[in-house]
Amino acid sequence: MTTKNLTLNLLNFGFTTAELSCYISTTPVDGGVLLSYKERDFLIEHGFFSGQTEALYSSFDKAVAGAKKVTLMCSKQDGSSRGALWPFSFLKKYYSWKLKNHFEQKGFPVRSDMIADTEIWMPATSPLLNCKGYKTIRLRVQFERITPHPELLITYDGVHSVYQYPLTHDLLQEVDTTLYSWMLFRNKLYRYDALPDEARLHEDEVYPCMNKRLKKALRTPFPAPDKSNPYQKFFKETEAFRSSHLTDTELNSWMPISQNWVNRESVSLLADGETVAPLLFGAGKTDTDPQKGIKQHGPRKLPDTRNTVFFFICHRNDIAMAKTIHSFLEGKQPGFSGISRYAGIHYSNEKGLSVYFENKENPLPEIAEQLNGRTLDNNKTYIALYLSPYGKWDELEAHRNIYYRIKEELLFRNIVTQTLEVEKTWVGRNMDDQNYALLKQGFNYFLPNISVALLAKLGGTPWSLTNGKARELVIGISAFKSDDLDRKYLGSAFSFSGEGEFREFGCFRSNQINELAGSILVAVRDYCHRNNPPEKLIIHFYKTMSRKELAPIEKGLAELQLDIPVVVVSINKTLSEDILAIDHSSSRLMPESHQYLQVAENRYLLYNNGIYPGSNFNEREGYPFPMKISLQYYPTDSIDPQPCSEEMVPELFLQICQFSQLYWKSVSRQALPVTLRYPEMLAQIVPHFSRPELPRFGKETLWFL
């Protein structure tokens, strides 16, 4: 395995003296912070306060009446071992407090809770209408996480927007106040429910910071997503902040900051000259690119069903669009060879089967009534192409619910569904030909994605891995929080082999831990019936798994008398936007795919993108930030997690990269493994269904793609 030197967005800093004096009080201090129980107990243990002290507060190096001056060492940089050291948690509060005060005095709005990050807001141009913009830099103080020294993590957090009108403006008079989060008052940031009295008396000077819900309420147009290289922007902004603000003489008088970014060596999962493992397509042919592979060689495995019947469900005004899509799928339009030739799905339709409705606002009764009047053959597989007037992300909840209810209705009828949003697809009719609809330019480029998704929904395999381990059972669990339902749901997907053969799916409320564990154990038992017991159980989890979440799984494995180790791979599915490594040897600054580096004990960054030896990088596939991963290994003889062996770490990471190649909703590469993507899709859709349980058809097929 090869290594490469990468640059972290991290600077070391030092202490000006080995000792630090701070003021501690037993009563709340104006402008101070409450110490944690551990910090309180530490000061009691060292005799500064009595054991009956209930709470402690600190104004740090600012003397206040009644406070006790406490002097402790902050480092042993002079080699001395005398005296106790301030806890790192307290030093983090101290330096976060100092940073907040420093940048507020420089005239910037600052947001900080003293135990997490400090945000500095600097004027910029907002991408939102009627808003002022603030470029945001986040600072995080940490100790000995990556280096043996104090560290300052510098992150560019994009542009935040503040509404240009104050709370007293007419446009805000009917806005629900529960939509407000942060407010800007006289160049300072406050939570809405913590506004000081002065601000409440001067609402004409209070400006709301924009958030997703407030944007919707104010009908603020969302700007087109920025698809430019974020690595270049990230480094440009953090480097500019370092050179302009962290070289300040006054700041360095109490926090001397090294101006050299910390470097770390990454490890490549690929040997010199080696490319990523190819995917397996039809006739045993291979290719590293899904788009090229399936076009040239066809699918790895065709669906078992041969009697497929397509029909349309759409509003009567969209019949012309349906006819045009029909001709594309037949292969009678330029740019696409037809779904039969491309994906091996026989394309046929039956006269009088399609469903056309009149009521856009409530089409389900019409659709259900017409379907009830159709005679469906149990020996045929029916595929409904639903042309939806509204998308699942429509701003009106009633419109979003139509999408989910129709999806549910067809699922419980065992009908495979593919949804196309009318507004995203259709320009309108050609007035010279009533039967021809103008589809948006480039529609034929979407048809490979549609074909691949339908192939997978029918039980076919568009492509598979060439070198997965067959005796590993891999389970993915991810989450999605519904804004409409205000609840978090967990989706699960079970791979019955390391080669990526998915069979079981489920969805649970976030508090249904025992039910989730039970479904995992059913999957394990089913695997054992089909095969020999797995060598180990690997769980891809969307966050660090707690003992409470793992305990019922361990108990069930013991009851099954399976003496196998469990590996929990916690993958932050939002990708890393705090600690980041960049590659200065590349003009793109994005490190090549299949590289990883350790950034803390048992914590790693893993890069998974379209840059690797022999690849032609496609900028449309984006510049994903790395995954943040932590590992918990539970051997058969221990209930406590152990470090993974040096050999196991690259094996687990390679598997994650490979599982990201099994995304069958499109032919584009993905940055996250399907063990997280598929469960998240489930958790987005199923909570909106009216029925409490999925049908068997919904637990064994990829209907949600």
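These numbers come from a predicted model, not from an experiment.

Moving on to the environment of K135. With respect to the helices, strands and loops of the structure, K135 is situated in strand 9 (residues 131–143). Taking the relative accessible area as the measure of exposure, K135 reaches 24% and is therefore partly exposed. For K135 and R374, which are 239 residues apart along the polypeptide, the C-alpha to C-alpha distance reads 58 Å. Contact partners of K135, with chain neighbours within four places excluded, come to I120, W121, M122, A124, Y156, G158, V159 and E237. Within the structure, K135 has its side chain in polar contact with the side chain of E237 (distance 3.3 Å).

Counting through the fold element by element, I402 comes out in helix 11 (residues 397–411). Residue classification places I402 among the buried residues on the basis of a relative accessible area of 9%. For the pair formed by I402 and E361, sequence separation is 41 residues and the distance between their alpha carbons is 8.0 Å. I402 has contacts with K360, E361, P363, Y386 and Y390, leaving out every residue within four places of it along the chain.

With that settled, consider the sheet that holds strand 6 (residues 68–73). Sheet strands pair by backbone hydrogen bonding; their relative direction is either parallel or antiparallel. In space, the 4 strands of this open sheet follow the order 4-5-3-6, with antiparallel pairing throughout. Edge strands, defined here as strands with exactly one partner in the open sheet, are strand 4 (33–34) and strand 6. Bridge count between strand 4 and strand 5 (residues 57–60): 2 bridges; the pairing is antiparallel. Counterpart to V33 in the pairing with strand 5 is S58.

Attention now goes to the side chain of Q595. Inspection of the secondary structure puts Q595 in strand 30 (residues 595–600). Look at Q595 and you get buried, because its relative accessible area is 4%. Within polar-contact distance, the side chain of Q595 engages the side chain of S266 at 2.5 Å. Setting aside its immediate chain neighbours within four residues, Q595 contacts K4, L6, S266, V267, S268, L605, L606 and Y607.

Parameters at a glance
Residues numbered from 1 in each chain as written. Predicted model: local features only at pLDDT ≥ 70, side-chain atom pairs only at ≥ 80, totals over all residues. Heavy atoms only, no water. Helix = DSSP H or I, 4+ residues; strand = E, 2+ residues; numbered from the N terminus. Buried < 20%, exposed > 50% of the residue type's maximum accessible area, 1.4 Å probe, protein only. Contact = heavy atoms within 4.5 Å. Polar contact = N/O pair within 3.5 Å; in protein donor to acceptor, adjacent residues only side chain to side chain. Pairing = 2+ DSSP bridges.

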